[in-house]
Amino acid sequence: MFRDISLTDLLIAQTNGEHTFVDVRSPREFNESTIPGSINIPVFNDEERAEVGTLYKQVGAEEAKVRGLAIFSKKLPDFIATFKNIETPITVFCWRGGMRSKTAATVLDLMGIHAKRLYGGIRSYRQWVVHELEDKKFLPKLFVLNGFTGSGKTLILKKLHTKGYPVIDLEGIAGHRGSIFGQIGLEPSNQKKFDSLLLKEVSHYENEPFVFIEGESRRIGKVSLPEFLNDKKEKGKQLFINIPIEVRVQNILDDYKPWESSKPFKEAFQLIKKRIHTPIARQIESDLENGDFASATKLLLEFYYDPKYKHASEQYTDEQKIEIDAVDVQDAYEKVIDTIGSLVKS
């Protein structure tokens, strides 16, 4: 017979490594939020879950159980076969540690595959994440990459990470670039997913002397930074990357590739159109219609993003700010490394 495992023991197992966590909820639930590092082997797919849920609400629990069993029994051979490919100890979980994870663990046990079930399900994990982020004490210094839009801050972070520097990529975790156009071509995270991934990163680096992050507002797309990290970011050393506007325009075009999804760009522009001087707004709209994305991007930088960013940067003291003038992203990256080297030595 399978046995339940507490969240505390599961977190210890996660730290030790040789363990597989299996989310047996539907693919949609899994994609919205899960325990980082888990795999998805669903009892029901999205449509089946909706069918059983509707039956439960409209007819009753017993009828829903009977229908659920009928659906699940047809996929048992494939379900079992997938688990047989897992060579490590296994823990299964669903939302509350209810019927789906209990059914999965029971069936696996009958087939000689021993799996534990997370007591309280991912709901207990979510409660733990929220509590941890509320009370987190993050000791490393923060070096915050700032700069006008298109300065290549994310590219620099990726280069730093490749070289082994501690980096927390907030935009990558959020699935959003932080602007009105930020989610185009990406899959934005919800708050639950963002919090789980962020806590994993923060915990990974909590013993480092310093960590690099990008200068973001507290809100990135639809998610928000926890208070402890936002406060630490605002008090950190701010590295301002200055590169020519022509290079910034090209960086943006290389990243967004607006010619591949021009319609979302036009729709997003409508959300900020009223905040831009009318003749300029008309020109940007015309450029977007005509596919002149370089001109539209440059105007957006000059008349919308740069003034906003300049105003926001004035909140930092001279002691916090370090200006880094560069000709391109590679030059900026090299100068960031030199600057940090000097700061760490001092």
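Described in the following lines is the structure provided in the data block.

Reading the values: the criteria
- Residues numbered from 1 in each chain as written.
- Predicted model: local features only at pLDDT ≥ 70, side-chain atom pairs only at ≥ 80, totals over all residues.
- Heavy atoms only, no water.
- Helix = DSSP H or I, 4+ residues; strand = E, 2+ residues; numbered from the N terminus.
- Buried < 20%, exposed > 50% of the residue type's maximum accessible area, 1.4 Å probe, protein only.
- Contact = heavy atoms within 4.5 Å.
- Lys, Arg positive; Asp, Glu negative; His and termini not counted.
- Charge placed at Lys NZ, Arg CZ, Asp CG, Glu CD.
- 1 Å grid on protein atoms, 1.4 Å probe; cavity = no way out; pocket = protein on both sides within 12 Å on 5 of 7 lines; lining within 4 Å.
- Points joined across faces, edges and corners; volume = space filled by probe spheres on them.
- Polar contact = N/O pair within 3.5 Å; in protein donor to acceptor, adjacent residues only side chain to side chain.
- Pairing = 2+ DSSP bridges.
- Arc of directions from axis to C-beta.
- Core = buried A, V, L, I, M, F, W, Y, C linked by side-chain atoms within 4.5 Å.
- Axes fitted to C-alpha atoms, helices over the stretch in contact; angles between N-to-C directions.
- Parallel < 35°, antiparallel > 145°, perpendicular 65-115°, else oblique.
- Left-handed = near helix turned anticlockwise from the far one by under 90°.
- Nonpolar A, V, L, I, M, F, W, Y, C, P; charged D, E, K, R; others polar.

### Looking at the overall build of the chain
For the chain, the count of helices and strands is 16 helices and eleven strands. Dimensions of the chain, computed from C-alpha atoms along their principal axes, come out at roughly 65 × 50 × 30 Å. When each of the 346 residues of the chain is scored for burial, the buried share is 46%. Within the chain, contacts between residues separated by at least 24 positions form 72% of all contacts whose residues are at least 6 apart in sequence. Of note, the chain has its 49 positive side-chain charges centred 4 Å away from the centre of its 50 negative side-chain charges.

### Regarding the layout of surface pockets
The calculated volume of the second largest pocket comes to roughly 1,200 Å³. Every residue lining the second largest pocket is counted, 38 residues in all, and those nearest its centre are Phe44, Arg49, Val52, Met99 and Arg100. Elements represented by at least two residues in the lining of the second largest pocket include exactly helix H2 (27–32), helix H3 (46–58), helix H4 (61–74), helix H6 (99–110), helix H7 (121–135) and helix H10 (191–204). Ranked by the residues each element gives to the lining of the second largest pocket, the list is headed by H3, at eight residues.

### With respect to the environment of serine 26
Assignment of secondary structure puts serine 26 in the loop between strand E2 (20–23) and H2. When its relative accessible area of 1% is taken as the criterion, serine 26 is described as buried. Distance from serine 26 to proline 42, taken between C-alpha atoms, is 5.2 Å for residues 16 residues apart in sequence. Beyond its immediate chain neighbours, meaning those up to four positions away, serine 26 contacts Asn40, Pro42, Phe44, Asn45, Asp46, Arg49 and Arg100. A distance of 2.9 Å separates the side chain of serine 26 from the side chain of glutamate 29, its partner in a polar contact.

### Topic: the pairing of strand E6 (residues 141–147)
Among the seven residues that make up E6, six are buried, leaving the element largely enclosed by the rest of the structure. Pairing analysis gives five bridges linking E6 to strand E7 (residues 210–214), with the strands arranged parallel. Within the sheet, the bridge partner assigned to valine 144 lies in E7 and is isoleucine 213. Inspection of the sheet shows E6 paired to strand E10 (residues 237–242) by five bridges, in the parallel sense. From the neighbouring strand, glycine 147 faces E10, where its bridge partner is isoleucine 241.

### Observations regarding unusual backbone geometry
At lysine 257, a residue that is not glycine, the phi angle is positive and equals roughly 45 degrees. Mapped onto the fold, lysine 257 is located in the loop between helix H12 (245–256) and helix H13 (262–270).

### A look at helix H8 (residues 153–162)
Along H8, the positions that sit buried rather than exposed are Lys153, Ile156, Leu157 and Leu160. Buried residues in H8, looked at end-on, bunch into an arc of 100 degrees, giving them a common side. Contact partners of the buried residues in H8: E6, E7, E10 and helix H16 (329–345).

### What about the nonpolar core?
Core analysis: the largest hydrophobic core is formed by 32 residues, its most contacted members being Leu10, Phe138, Ile168, Leu170, Leu198 and Leu229. Where this core is concerned, the elements lending two or more residues are helix H1 (7–16), H7, E6, helix H9 (170–174), H10, E7 and helix H11 (227–235). Contact partners of leucine 10, with chain neighbours within four places excluded, come to Ile5, Phe21, Ile35, Thr91 and Leu118.

### Observations concerning the side chain of serine 33
If you trace the backbone, serine 33 turns up in the loop between H2 and strand E3 (39–40). Judged by its relative accessible area of 10%, serine 33 falls in the buried class.

### Regarding the packing of H3 against H4
For any two helices packed against each other, one specifies the crossing angle of their axes together with the interaxial distance. Interhelical geometry of H3 versus H4 gives an angle of 160 degrees and a closest axis separation of 7 Å. On the basis of the axis angle, H3 is roughly antiparallel to H4. The interaxial crossing formed by H3 with H4 has right-handed handedness. Facing H3, whose interface residues are Glu48, Glu51, Val52, Leu55 and Tyr56, H4 presents Ala61, Glu63, Ala64, Arg67, Gly68 and Ile71. In terms of residue class, the contact of H3 with H4 is built from six nonpolar, one polar and four charged.

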